[in-house]
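Geometric and topological summary
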Amino acid sequence: MRPSHASAKYKDEAPPLPKSAKKEKWTKDSMAKGRNEPATIPHVAHVIAKVKGISTEEVCDAAWRNSIEMFGFGESQQQQDPESAVEI
């Protein structure tokens, strides 16, 4: 997230990201600058949790359930217990 992004104020307590480098200078210890890297997922989950006023664990659980439902990996959590579903 760029410092100018509206959510930037919520990332102060987010977990640190690995260093980033331009794709020409990439190493296995860094992430490619300007790409949507998997290493940023905890950072994004933290910001979503802060914006919505819920825990990071709730964001991760909801994302996991959505993935299971979207890709058809078995019965969705919502089908098992509709009361426990959290929408993000």
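This text goes with the structure placed above it.
Quick look at the structure, then. (Residues numbered from 1 in each chain as written. Predicted model: local features only at pLDDT ≥ 70, side-chain atom pairs only at ≥ 80, totals over all residues. Heavy atoms only, no water.)

**Description of the pattern of salt bridges**
Under the convention used in this document: For salt bridges, the criterion is a side-chain nitrogen of Lys or Arg within 4 Å of an Asp or Glu carboxyl oxygen. Put simply, DSSP H or I for four residues or longer makes a helix, DSSP E for two residues or longer makes a strand, and each gets a number counted from the N terminus.
Counted by the stated rule, this structure contains one salt bridge. Here K50 and E13 are joined by a salt bridge, their closest N and O atoms 3.4 Å apart. Taken together, the residues span a long stretch of sequence, with K50 in helix α1 (residues 41-52) and E13 in the segment before β1 (20-21) at a distance of 37 residues.

**Focus: helix α2 (residues 56-71)**
Our working rule: Helix span, as expected, comes to 1.5 Å for every residue beyond the first. Think of it in three bands: with a 1.4 Å probe and only protein chains considered, a residue is buried below 20% of the maximum accessible area for its type, exposed above 50%, and partly exposed in between.
Counted at 1.5 Å a residue, the expected span for α2 with its 16 residues is 22 Å, and the 22 Å between its end C-alpha atoms agrees. For α2, the set of buried residues is V59, A62, R65 and I68.

**Some points on the packing of aromatic side chains**
Aromatic ring pairs: the centre-centre distance and the angle between the two ring planes describe each pair. As a reminder, the rule being used: Put simply, two rings from Phe, Tyr or Trp (the six-membered ring, in Trp's case) pair if the centres are within 6.5 Å, and we call them stacked under 30 degrees between planes, edge-to-face over 60, tilted for the rest.
All chains considered together, the criterion is met by one aromatic pair. With centroids separated by 6.1 Å and ring planes inclined at 35°, the aromatic side chains of F71 and F73 adopt a geometry described as tilted. Note on F71: relative accessible area 54%, which makes it exposed.

Purely geometric numbers; function is a separate question.
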